[in-house]
Amino acid sequence: MLRIAVVGSGPSGVYAAQTLVQQREVPGVRVDVLDRLPAPYGLVRYGVAPDHEKIKSLQGSLRTVLEDERIRFLGNVEVGGPELPTARLLELYHAVVYCVGAARDRLLGIPGEDLAGVHSATAFVAWYSGHPDAAAEAFGLPGVDAAIVVGAGNVAVDVTRILARGVPELSPTDMPHPALGALGESAVREVLMVARRGPSQGKFTTKELRELGTLPGVDVVADPAELAIDPAYADPGAVLPAVNRRNVEVLRGWAGAPAAGGGRRIALRFFLRPVEVLGEGGRVTGMRFERTAPDGRGGVTGTGVYEDVPAQLVLRSVGYQGVPLPGLPFDERKGTVPHAAGRVVRAGRASVGEYVAGWIKRGPTGVIGTNRPCAKETVSSLLQDAGVLAGRERERDPLEALRAAGLRPVEWPGWLAIETAEAELGLSLGRRSVKIPDWAGLLAAADRTG
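Residues numbered from 1 in each chain as written. Predicted model: local features only at pLDDT ≥ 70, side-chain atom pairs only at ≥ 80, totals over all residues. Heavy atoms only, no water.

Can you help me understand the overall build of the chain in this one?
Secondary structure summary: the chain contains 19 helices and 18 strands in total. Relative to a compact globule of 450 residues, whose C-alpha radius of gyration would be 22 Å, the chain shows 23 Å and is just as compact. Judged by the C-alpha coordinates and their principal axes, the chain covers about 70 × 55 × 40 Å. Each of the 450 residues in the chain was classed as buried or not, and the buried ones make up 54%. A separation of at least 24 residues holds for 75% of the contacts in the chain among residues at least 6 apart in sequence. Surface accessibility of the chain: about 19100 Å² in total, with carbon and sulfur atoms responsible for 53%. (Helix = DSSP H or I, 4+ residues; strand = E, 2+ residues; numbered from the N terminus. Rg over C-alpha atoms; globule rule 2.2 N^0.38 Å. Buried < 20%, exposed > 50% of the residue type's maximum accessible area, 1.4 Å probe, protein only. Contact = heavy atoms within 4.5 Å. Areas by Shrake-Rupley, 256 points an atom, 1.4 Å probe, with all protein chains shown as cover.)

Would you explain the pattern of salt bridges in this entry?
Pairs can form between side chains of opposite charge once their charged atoms are near each other. Considering all chains together, one arrives at 35 salt bridges under this definition. Between Arg36 and Asp133 there is a salt bridge; the shortest N-O distance is 2.4 Å. Here the residue Arg36 occupies a position in the loop between β2 (30–34) and α2 (43–46), and Asp133 occupies one in the loop between α6 (121–128) and β7 (146–150), the gap between them amounting to 97 residues. Across the pair Glu226 and Arg269 runs a salt bridge, and its minimum N-O distance is 2.6 Å. Of this pair, Glu226 sits in helix α11 (residues 224–229) while Arg269 sits in strand β10 (residues 264–269), and the two are 43 residues apart along the sequence. Since its relative accessible area comes to 14%, Arg269 is described here as buried. In the salt-bridge network here, residues are joined through shared partners; they are Asp51, Asp158, Arg161, Arg165, Glu169, Glu208 and Glu211. (Salt bridge = Lys/Arg side-chain N within 4 Å of Asp/Glu carboxyl O.)

I tried to follow the sheet that holds strand β17 (residues 343–346) on my own but got confused; where do I start?
The strands that make up a sheet pair up through hydrogen bonds in the backbone, lying either parallel or antiparallel. Sheet architecture is open: seven strands sit in the order β3-β2-β1-β4-β18-β17-β16, paired in mixed fashion. Two strands close off the open sheet at either side, each with one partner strand: β3 (71–74) and β16 (339–340). With five bridges joining them, strand β1 (residues 3–7) and β2 adopt parallel strand pairing. Bridging across to β2, Ala5 finds its partner in Asp32. (Pairing = 2+ DSSP bridges.)

Can you walk me through unusual backbone geometry in this structure?
Excluding glycine, residues mostly carry a negative phi; peptide bonds, for their part, are mostly trans. Despite not being glycine, Phe271 has its phi angle at roughly 55°, a positive value. The topology assignment puts Phe271 in the loop between β10 and β11 (272–280). With a phi angle near 55°, Ala341 is a residue other than glycine that sits in the positive phi range. With respect to the helices, strands and loops of the structure, Ala341 is situated in the loop between β16 and β17. The exposure class assigned to Ala341 is partly exposed, which follows from its relative accessible area of 34%.

I keep staring at the nonpolar core and nothing clicks. Help me out?
Buried together is how nonpolar side chains tend to be arranged in soluble globular proteins. If you look at the biggest cluster of nonpolar residues, it comprises 50 residues, and the most contacted ones within it are Phe124, Trp127, Tyr128, Leu163 and Leu268. The leading source of residues in this core is α6, at seven residues. The contact partners of Tyr128, leaving out residues within four places of it in the chain, are Ala49, Pro50, Asp158, Val159, Ile162, Met175, Pro176 and Ala179. Core analysis: the second largest hydrophobic core is formed by 46 residues, Leu20, Val65, Ala375 and Ala446 among them. (Core = buried A, V, L, I, M, F, W, Y, C linked by side-chain atoms within 4.5 Å.)

Would you take a moment to explain the confidence of the model for the chain for this structure?
Should pLDDT be low for a region, the predicted coordinates there are not to be read in detail. For the chain, mean pLDDT is 92; residues scoring 70 or higher make up 97% of the total. Mean pLDDT values for the elements of the chain range from 70 in helix α12 (residues 231–234) up to 98 in β3. (pLDDT = per-residue confidence, 0-100.)

Explain the sheet that holds β10 here, please?
Taken in spatial order, the six strands line up as β6-β14-β7-β8-β10-β9 in an open sheet, and their pairing is parallel. Looking along the sheet, the strands with just one partner apiece sit at the ends: β6 (118–120) and β9 (218–222). Within this sheet the neighbouring strands show an average axis-to-axis angle of 20°, counted without direction. Where β6 and strand β14 (residues 313–316) come together, three bridges link them in parallel fashion. When the sheet's bridge partners are listed, Val118 is paired in β14 with Val314. (Axes fitted to C-alpha atoms, helices over the stretch in contact; angles between N-to-C directions.)

Set out below in C-alpha cells:
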C-alpha cells in the first residue's frame, strides 16, 4: 500500500488527493492531506470574497473528497519547520505532493511603499476573510476618505468592491465580526482602481467587473479620454479575446453614463503607472502616477506627464509569488519549484518521491478549475514511479510520528468542531455562520471534539 502526503488542502491539493484515490492503476493508495492551518480548503475559504457565495460553495465539493475514508485531513501541521522538515516527511511517506500555493505578493518597488496605510491586497483579503495570520492586521478605515487599488485583476476588483459595499450586504456572509465592524465604520467615499495599461488589457473577468455596477448607492465611472487612448478600444473592429471585448463594452457603458449621485464612487483609471507613494508624518497621503501611452508592442511607455492623487489607503494588487519551502529547490525568478511534469527536479535530475502541483508548480495562473488538470499531470508522474516508491520501507502510521515530534494535528472531527463553533458564533451575533479569525480560537474550537 502506498501512503502519500499531500501538503496543502486548497483545490490543487484536494484534486491531487482525489485523483490518487480514484485511479485504478495502483490499488490501496492512502492519502494524508496536511495543512499548516487547522481549517481546510485553502484559498476557497481564505481567498474567495465572502460575498461570492456561489464560488465559496465549492467547499462542498472539496468536503466530499476530504470525507473519503481513504483520505485523512491533518491540519495544524507545518511542513518545513523544525518539527517536520521536508526530509523527515519523505521518511514517513512513500511520496509527497506539495501544493502550497503562492503566498507572497509582489511589491511595486517605488519610494514610499513602506508608509503606514500602504498594504498588499493579499493582506486585506486575508483580514476580511478571517485568516488567522491576519488577526493582528490593523486597517484604519474610519479615517480613510479615498482609497487607491493598484492593479487590474479579479483580486483588485474584489477589494475595490468590498471597500465600497455597505454592511447590510456583507452581514449575511461569514466575514469575521471585527472586520465587518471596521468596514461599517469606514469613511471611504471614493475608491480608485488604477492600471498602468489600457482597458482591453485588464485581467479581470467580465462577471467580476460588471458586479461593481450593481452595488447599491455606488456610482461607477470611467474617463472616456483614458479609454480612448487604448487602440483596441478606439477601433470597434479590433480583434480581441471575448472576455477583453466584453470588458471594453462594460467600461464604454460606464464612461457614457451620467452619475446617479450615490453615496460612494468607484473610478476606474487607466494608463497610469505608479511612481511614488506620497506621505506626511509617516502616513500615506496619496500617490504620484506617470501617464503612460501604448508602445505599439502590447506594453506602455512613460510620457513624462505626472498626476498626484490624494488617498489615505493604498492596496497593491500586482500579482503573487511563490515562497521557498525549506528543503525544496526553488526558482527565485519564476517563484516556483523546478519540476518535470510535476516531479521535483534537484540538481538537474527528477527526484522520485517528491512532486508539486498548483501555483507552486506553474506559477499564479489560471482559475480554480485549472488546478484539476494540473494535479492529474502530477499524479500521472507519481503513478509512473509507483514501482520504485512501493519498494521503500515506511512507518505504518505517520500520525504517531507527527505527534511524537510535538505537533498537534487537527483531524477531521476537529475541523467539524470548528464549523460548529462558527455556527454558534454567528447565531450569537444574529448572523449566519461567522469565521473565527484567530489561531487561539480555532484551536480551542478544534479541541471541542468530545
